[in-house]
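Below are the chains, spelled out letter by letter.
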Amino acid sequence: MSRSLPAPPLTPLIASLWLACAATIAHAEPMTDVQALAQKEQQPLLDTLRDLVGIESGSKDIDGLNQIAERVAGQLKQLGGTVEILHPTDIYRLDDTPETIGPAVHAVFKGTGSKKIMLIAHMDTVYLKGMLKDQPFRVDGDKAYGLGIADDKQGVALILHTVAMLQKLNFKDYGTLTVLTNGDEEISSPGWRSTITKFAADQDAVFSFEGGGTDGTLRLATSGIGSAYLTVQGKSSHAGARPEGGVNALYELSHQVLQMKDLSKPEQGLKLNWTVSKAGTNRNVIPADATAQADARALKVADFDELQKALQEKIKNRLLPDSRVELKFEVRRPPLEANDASRRVAAYGKTIYGEIGLSLKVDEKATGGGTDAAFAALKTSGAVVEGMGLSGFGAHSNDAEYVQINSIVPRLYLATRMIMDLSTGKLK
C-alpha cells in the first residue's frame, strides 16, 4: 500500500511569492457590498440629476444659484453633515467678474479616523436663463441629457450619492470628509478660489468631480490660464492738419505688442498670444487711447510669475516717450501640476477599476483648460485628482450635453472605494 509523503516546506522565496499572488488575487475581487450598493444608487442619482438640471444656475444667475445651493445643502444635511451656505468675502476681481458672486455649499462629515478628504464640484453653468426649455432633462438609451448635466451637475450628484453610499455602509473611518460646491467656476472662480485653496491645504486627498470626458480619464495636470491687458494713453490731434501735436497711442501699442511677441516658450508649455486690440475713434484723429489683450497658458505656476516680470520689464521700453503704458496680468487659473501623491492615488484607482473588469486611463500631461483642482493644489502636499466625474460629452453646447449612464456605477464604486481605502490605510 503506497503512502503519501508530506509536502516539502515552502522556501521563504516561494512563500513570499505565493503570498503576493494570493494578495493580488484577493485584491482583484470587488467589494460586492459596495458594488451592489452602487448599482442600487444609480436611479436615485439620476433622480438627483433631474432635479439639479431643472434648476437653471448660470454663473450670473444669483437667484438660480441660491436655489440650487439650498437644494444641495438640504441633501447634505439629510446625510448628517454640518452644512453651511457661504457667501464670498474675498473676491479676486478679474476683468469680467460680475458685481455679485454666487454662493458655495460647505459640508463637513466627522469620522473616527485621521485622514482628511475633500470632494469638490461646481453648481454654476455657462448658460443664460431661459435656455432650459431647449435642453431639459431626458434619458435616451444609455445617455442622460440636460442643461449643464456634464459640466458639472453630474459632479455635484456624484458627490451627494458617494456620501450617501458611505452612510448606508456605515463607514466613518475617515477623519473628516469635506464637501465644497461653488457657484462661480465657469467665470474662473473669483469668489471661491481662495476658499478652495484654504480648505484644501491640509487635506490628504482632494477629488474633483469634473467630467471624465468620453473615456473617463483621470487628470493629474491641467494648463494654467492667464490674461494680459495692455493699455496705452497718448494724445489726440488732427491727423491731417497737426499730427505732430498728438501722441499716437496706436503706434505705441503696436510697438509694445511686437516686442512682446516672442515671450512664448513652447518647449516648456508657456504660450503668450495677443488676440484682441482696439484703438482710435475717427479716421482723421490721432488716437489717444489703445488697448490689447493676450491669452497666456502655462504648465507651471512659476512660469506665470516669470512671464509677468518679463511683461512689466518690456513696457519700460517705449517707442514714444510721451505715451503712458500700463500692463495688468491676471492668473485666471493656475496650472495643476502632478505630484507623487496624486500619481499614487490615481494608480490605485486603476486597481479599483480592475476589480470590476474595467480599465482606467490616467493622464498627467496637461491638456485643455484649467479647473478648480488647480486652486486646491496650490498649498497642499496631498493628492489632487481631477476628472472623477461621469463620462460624457457636449459641455457648453446648446442641445447635445449628456452623460453616459453606464459610467454611474463604476464612478460611484471608484469614489467610494478611494475614500474607504485611503481612510483605512489600504491606499498609502
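Structure shown above.
Here the structure is a predicted model, which means the values were calculated and not measured.

Cut-offs and rules
Residues numbered from 1 in each chain as written. Predicted model: local features only at pLDDT ≥ 70, side-chain atom pairs only at ≥ 80, totals over all residues. Heavy atoms only, no water. Phe/Tyr/Trp six-rings, centres within 6.5 Å; stacked < 30°, edge-to-face > 60°. Lys NZ or Arg CZ within 6 Å of the ring centre and 35° of its normal. Pairing = 2+ DSSP bridges. Helix = DSSP H or I, 4+ residues; strand = E, 2+ residues; numbered from the N terminus. Axes fitted to C-alpha atoms, helices over the stretch in contact; angles between N-to-C directions. Contact = heavy atoms within 4.5 Å. Salt bridge = Lys/Arg side-chain N within 4 Å of Asp/Glu carboxyl O. Buried < 20%, exposed > 50% of the residue type's maximum accessible area, 1.4 Å probe, protein only. Polar contact = N/O pair within 3.5 Å; in protein donor to acceptor, adjacent residues only side chain to side chain. Patch = residues over 30% accessible without salt bridge, like charges linked within 9 Å, V, L, I, M, F, W, Y side chains within 5 Å. Areas by Shrake-Rupley, 256 points an atom, 1.4 Å probe, with all protein chains shown as cover. Parallel < 35°, antiparallel > 145°, perpendicular 65-115°, else oblique. Nonpolar A, V, L, I, M, F, W, Y, C, P; charged D, E, K, R; others polar.

Caption draft 1: Layout of the packing of aromatic side chains. Tallied over the entire structure, the rule returns four aromatic pairs. Each ring, one from F393 and one from Y402, has its centre 6.2 Å from the other, and the planes form 45°; the classification is tilted. Here the aromatic residues Y145, F393 and Y402 are joined through ring pairs into a cluster of three or more. Positioned above the aromatic ring of Y145 is the side chain of R138, whose terminal nitrogen or guanidinium carbon lies 4.0 Å from the ring centre. Looking at K328, its charged tip hangs above the ring of Y229, at a distance of 5.1 Å from the centre.

Caption draft 2: Focus on the sheet that holds strand β9 (residues 224-233). Ordered by their spatial adjacency, four strands build an open sheet running β10-β11-β9-β12, and the pairing between neighbours is antiparallel. Here the strands that pair on one side only, and so sit at the sheet edges, are β10 (271-279) and β12 (324-333). Averaged over all neighbouring strand pairs, the angle between strand axes comes to 15°, with direction disregarded. Pairing between β9 and strand β11 (residues 289-298): 10 bridges, direction antiparallel. Bridge pairing links I225 to R297 in β11. Its contacts with the sheet place helix α6 (residues 249-259) against β9, β10, β11 and β12, and it is angled at close to 15° to β11. Of the strands in this sheet, β9, β10, β11 and β12 touch helix α7 (residues 301-314), which is tilted by about 170° from β12.

Caption draft 3: Focus on the pattern of salt bridges. Scanning the entire structure with this criterion turns up 21 salt bridges. Here R50 and D47 are joined by a salt bridge, their closest N and O atoms 3.5 Å apart. Of this pair, R50 and D47 both sit in helix α2 (residues 32-53), three residues apart, roughly one helical turn. What makes R50 partly exposed here is its relative accessible area of 41%. Residues D372 and R333 are paired through a salt bridge, measuring 2.9 Å at the closest nitrogen-oxygen approach. Here R333 lies in strand β12 and D372 lies in the loop between β13 (362-363) and α9 (373-377), a separation of 39 residues in the sequence. Among the ionic contacts, a cluster of salt bridges with common partners joins D47, R50, D51 and R71.

Caption draft 4: Geometry of the side chain of Q203. Looking at the element boundaries, Q203 is found in the loop between α5 (193-200) and β7 (205-208). Residue classification places Q203 among the buried residues on the basis of a relative accessible area of 6%. A polar contact is formed between the side chain of Q203 and the backbone nitrogen of M118, at a distance of 3.5 Å. Excluding its chain neighbours within four sequence positions, the residues that come into contact with Q203 are K116, I117, M118, T178, T380 and G382.

Caption draft 5: Main features of a nonpolar patch on the surface. A contiguous nonpolar surface patch, about 300 Å² in accessible area, is contributed by L250, Y251 and L319. Here L250 shows up in helix α6.

Caption draft 6: Main features of α5. For α5, a buried count of six out of eight residues is recorded, marking the element as mostly surrounded by other parts of the structure. Residues of α5 that are buried: R193, T195, I196, T197, F199 and A200.

Caption draft 7: Main features of the packing of α2 against helix α3 (residues 62-78). Packing of α2 against α3 brings their axes to within 10 Å, and their N-to-C directions diverge by 155°. Here α3 runs roughly antiparallel to α2, going by the angle between their axes. Residue-level contacts link T48, D51 and L52 of α2 to I68, R71, V72 and Q75 of α3. Considering only residue class, the contact of α2 with α3 consists of three nonpolar, two polar and two charged.

All quantities given are derived from atomic positions and should not be read as evidence of function.
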